[in-house]
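Fold and contact review
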Amino acid sequence: MKSNHFFIMLKGIIFSFLALSIFISCSKKEEDEEKPKEPVASFTFTPVSPKVNEAVTFNNTSTDATTFQWSAAGTSFSSTEKNPTFTFTEEGDFTVTLVATGEGGSNTTTREISIAPADVTAPAPVAAFSFSPTNPQTGQEVTFTNESQNATSYEWSSERAGFSSTEENPTFTFDTDGEFEVKLVAKNADGDSNETTQTITVITAEPTPDPIAAFSFSPSSPTAGEEVTFTNESQNATSYEWSAVGTSFSSTEENPTFTFDADGSFEVKLVAKNADGDSDETTQTVTVSASTPAPVAAFSFTPANPKAGEEVTFINESQNATSFQWSAAGTSFNSTEENPKFTFDTDGVVEVKLVVSNSAGTSETTTSITIEAASTGGNPCNLPECYVERTTSATAGGNVTVTYSYTTVNGKKLPSQISTSTIGGTFVTNIQYDAQGRRIKDESRFGATLSNYVEYEYSNNDRTVRANGYDASGNLTGYSISEYDANNRLTRTDNYDAAGTLTGYTVYSDFLSIEGSFPQLVETFDASGALTQKDVYTYQDCQLIKTVSTDGSGTLLGEVENTIDARGLLRTSKATIYSQAGTIVSNTDYVYDCD
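1. A closer look at the nonpolar core
Core analysis: the largest hydrophobic core is formed by 19 residues, its most contacted members being Phe215, Phe230, Trp242, Phe249, Phe260, Val268 and Val286. Among the elements that take part in this core, strand 20 (residues 264–273) stands out by supplying four residues, more than any other. Those residues in contact with Val286 that sit more than four places away from it in its chain are Phe217, Pro222, Phe230, Phe260, Gly264, Ser265, Phe266 and Val268. Core analysis: the next-biggest nonpolar cluster, separate from the first, contains 18 residues, Phe43, Val56, Phe88 and Ile115 among them.

In structure tokens, the structure reads:
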């Protein structure tokens, strides 16, 4: 019985020990299960040897993490994606940091990434050229016009003619007639070359025609002290000799000018010579009168009843005047033009004075002009409340689609985003406004990459607006200053480079006599004041229906013809651009939010 009792007791002790072991093991397991594991940050990237502007993909291999923060010092790389991509735009070594966070805390790891320079391969050259004249004569200079592509150096040769040059557009004179093979070898920056050969037929030079001397002069009845312009009308001449007995007039210019100090009759002689030295001469009598008639100041203006903010044109009707000085007390009107224009900002009566002069003296006149108050309020054109949602333009190079988004600020509906899609990608401009509805910033991106941005500054009661342009790095690239009149019409814009040097300006004038900004003439000038482009606008029911553009010499550059529907909405545009390369035509359709 004792033996059995001891066995039972031993059995109980062993059972209790096992139960205690199981309890301790379960408690340990529960404790381990309650404590989260610490995350371990790690990653790889491809390609392993990336180049500038090549997308790098980061492969996240972290464990026990749920959120991630990526960055790279010295770059704009910042992402919370698990496996982000980034394109490095500069070569060099960069440290990429990954912070992995989970229930067990955070862990950080870094890796160095080396960005190699981008591969640059020069495109293959294509040799091409033309020459003028196409049928040269012996002894006549031939100009070679290089039309090669992708080339940086050139080698011209013609063994028979002895022609050899490395200039881009050389000239050469063939001494003998016959056919000559002219070869051009064009090379690119990598030394790749391409060549082309053309045959030039040189004919025997024709005899030089005899010169014929002739000229006219203006004014036909000059006065003493008045400049006379001589217009050469000679034929077959290459050089000229001008003279007048009894004066100091002597010139070899083609069209000289001269001022006779005293009155009288003077024999002006022109000797014209050709390339062979043959000559011909002619003589004309220039009669110079003793005195200049006194000037008489007179002018009119239009419109007869101008309003504040409306442009006034002054028509000079003076007689015998050579210089002009305009002014109006109490205004900034001041001009020496013969027929100036000016916009009075406020209503009231202004006294406009014109002082004219010539060598005989001066004369002045003053006229009162009543400026009426500007009309206000409403929609003078009675156009529907429609806004452009999309335009689609078709050209030979492919379609271009522009999409507009709007926002309402201070009760006004304003464009907030302009997105332009082409076959090359999408260019997006986002527009920001302040609480008053003034435009304060434009930010342009190509794809996801910032291209540039513009910030606006206002002064002079918002009638002077400065637009500062910056590149993606925040460097000032240039700025413009625009001036508005009392009716909020843009009248002039001056453009400057980053150093503050004027590069050109644009003047808006000849506004329609209705409320709103409707200039009928826009002129663009370079920094020296020379006209470079002139745009003439034609309107119908407050909509622009035609634009004609010419350069400073009057040569047609392009035209835009628009159509409008019965509600007065612009529907289609046909733009035609003329250039030496040919004619380019673009057709655009408009879609509105009220369609």
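2. Some details on unusual backbone geometry
Both trends apply: most residues other than glycine have a negative phi, and most peptide bonds are in trans. Cis peptide bonds are those with omega within 30 degrees of zero, and the linkage from Ser132 to Pro133 qualifies with 0°. As for its position among the elements, Pro133 is in the loop between strand 8 (129–132) and strand 9 (141–146). Residues Thr302 and Pro303 are joined by a peptide bond in cis, for which omega reads 0°. Considering the arrangement of structural elements, one finds Pro303 in the loop between strand 22 (299–302) and strand 23 (311–316). A positive phi is found at Asp462, a non-glycine position, where the angle reads about 70°. Looking at where Asp462 falls in the secondary structure, it is placed in the loop between strand 34 (449–459) and strand 35 (464–471). Even without a glycine there, the phi angle at Asp510 is positive, about 55°. In this structure, Asp510 sits in strand 38 (residues 502–511).

3. Looking at the sheet that holds strand 18 (residues 250–251)
With antiparallel pairing, the four strands of this open sheet are ordered in space as 18-17-20-21. Two strands close off the open sheet at either side, each with one partner strand: strand 18 and strand 21 (279–288). Pairing between strand 17 (residues 239–244) and strand 20: six bridges, direction antiparallel. Bridging across to strand 20, Ser239 finds its partner in Lys273.

4. As for the packing of aromatic side chains
If you walk through the whole model with that rule in mind, you get 37 aromatic pairs. Here Phe333 and Phe344 contribute two aromatic rings whose centre-to-centre distance is 6.5 Å and whose plane-to-plane angle is 80°, an arrangement assigned as edge-to-face. Linking Phe333 in the loop between strand 24 (323–328) and strand 25 (334–335) with Phe344 in the loop between strand 26 (341–343) and strand 27 (348–358), this pair joins segments that are eleven residues apart in sequence. An identical accessibility class is assigned to Phe333 and Phe344; each is buried. The structure contains a cluster of three or more aromatic residues connected by ring pairs, namely Phe43, Phe45, Phe58, Trp70, Phe77, Phe86, Phe88 and Phe94. Across the ring face of Tyr479, the terminal group of Arg466 is positioned such that the distance to the ring centre comes to 3.7 Å.

5. Thoughts on the sheet that holds strand 11 (residues 163–165)
In spatial order, the strands read 11-10-13-14; together these four strands make up an open sheet with antiparallel pairing. Every other strand in the sheet has two partners, leaving strand 11 and strand 14 (193–202) as the edge strands with one partner each. Neighbour to neighbour, the strand axes of the sheet diverge by 15° on average, direction disregarded. Across ten bridges, the pairing between strand 13 (residues 178–187) and strand 14 is antiparallel. Across the sheet, the residue bridging to Phe180 is Ile200, located in strand 14.

About the criteria used
Residues numbered from 1 in each chain as written. Predicted model: local features only at pLDDT ≥ 70, side-chain atom pairs only at ≥ 80, totals over all residues. Heavy atoms only, no water. Core = buried A, V, L, I, M, F, W, Y, C linked by side-chain atoms within 4.5 Å. Buried < 20%, exposed > 50% of the residue type's maximum accessible area, 1.4 Å probe, protein only. Helix = DSSP H or I, 4+ residues; strand = E, 2+ residues; numbered from the N terminus. Contact = heavy atoms within 4.5 Å. Pairing = 2+ DSSP bridges. Phe/Tyr/Trp six-rings, centres within 6.5 Å; stacked < 30°, edge-to-face > 60°. Lys NZ or Arg CZ within 6 Å of the ring centre and 35° of its normal. Axes fitted to C-alpha atoms, helices over the stretch in contact; angles between N-to-C directions.

Purely geometric stuff here, so don't read any function into it on its own.
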